[in-house]
Amino acid sequence: MTDSEKRVLIILPTPSFFSQCSGTGGHVSHIRGIHDALLHVGIVCDFVVSENVPFPVSGDIYIVPATFRLVWHNRVAQKALTLAAQKDYLFLSIRHAFCFSIWVAILKKKLNAAI
């Protein structure tokens with residue numbers, strides 16, 4: 001297995017995911033737990049977020065500045081598609097956000113079409 005096969009992309013489609021609660025809370029602990037567990041088994045995590053991640057990250061952080069939510073979700077989805085085309089991710093992990101649900105279907109369709 002090459003290093004590129006040991007990467008995942010974590011998408012957090014909620015603007016101000018970390019700063020809305022000053023970087024604390026169950027949602028932050030959950031994401032950090034996922035990151036740390038994957039890192040423990042040798043998988044590097046890249047992030048697509050609206051702001052910096054408040055804990056040490058094993059991979060790259062791709063910041064898509066938050067704008068009007070519908071426009072921003074499109075930019076997040078496009079960034080994820082671009083990264084998936086450039087890197088050989090094991091999988092993409094998308095934290096549930098109801099308003100991002102339609103983009104999950106679009107990402108799935110476009111990514112499956114590329115396989």
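Because the structure is a prediction, the values reported are computed rather than measured.

**Observations concerning the sheet that holds strand 4 (residues 91–94)**
- In spatial order, the strands read 3-2-1-4; together these 4 strands make up an open sheet with parallel pairing. Here the strands that pair on one side only, and so sit at the sheet edges, are strand 3 (61–63) and strand 4. Averaged over neighbouring strand pairs, the angle between their axes works out to 20° when direction is ignored.
- Where strand 1 (residues 7–11) meets strand 2 (residues 44–49), 5 bridges bridge the pair, whose relative direction is parallel. Bridging across to strand 2, leucine 9 finds its partner in aspartate 46.

**Comments concerning the pattern of salt bridges**
- Applying the stated criterion to the full structure yields 5 salt bridges.
- One salt bridge connects arginine 32 with aspartate 36, and the closest N-O pair in it is separated by 3.5 Å. Here arginine 32 and its partner aspartate 36 are both found in helix 1 (residues 26–40), 4 residues apart, which amounts to about one turn of the helix.
- Linking lysine 87 and aspartate 60 is a salt bridge whose minimum nitrogen-to-oxygen distance equals 2.9 Å. Linking lysine 87 in the loop between helix 2 (69–86) and strand 4 with aspartate 60 in the loop between strand 2 and strand 3, this pair joins segments that are 27 residues apart in sequence.

Conventions we followed
- Residues numbered from 1 in each chain as written.
- Predicted model: local features only at pLDDT ≥ 70, side-chain atom pairs only at ≥ 80, totals over all residues.
- Heavy atoms only, no water.
- Pairing = 2+ DSSP bridges.
- Helix = DSSP H or I, 4+ residues; strand = E, 2+ residues; numbered from the N terminus.
- Axes fitted to C-alpha atoms, helices over the stretch in contact; angles between N-to-C directions.
- Salt bridge = Lys/Arg side-chain N within 4 Å of Asp/Glu carboxyl O.

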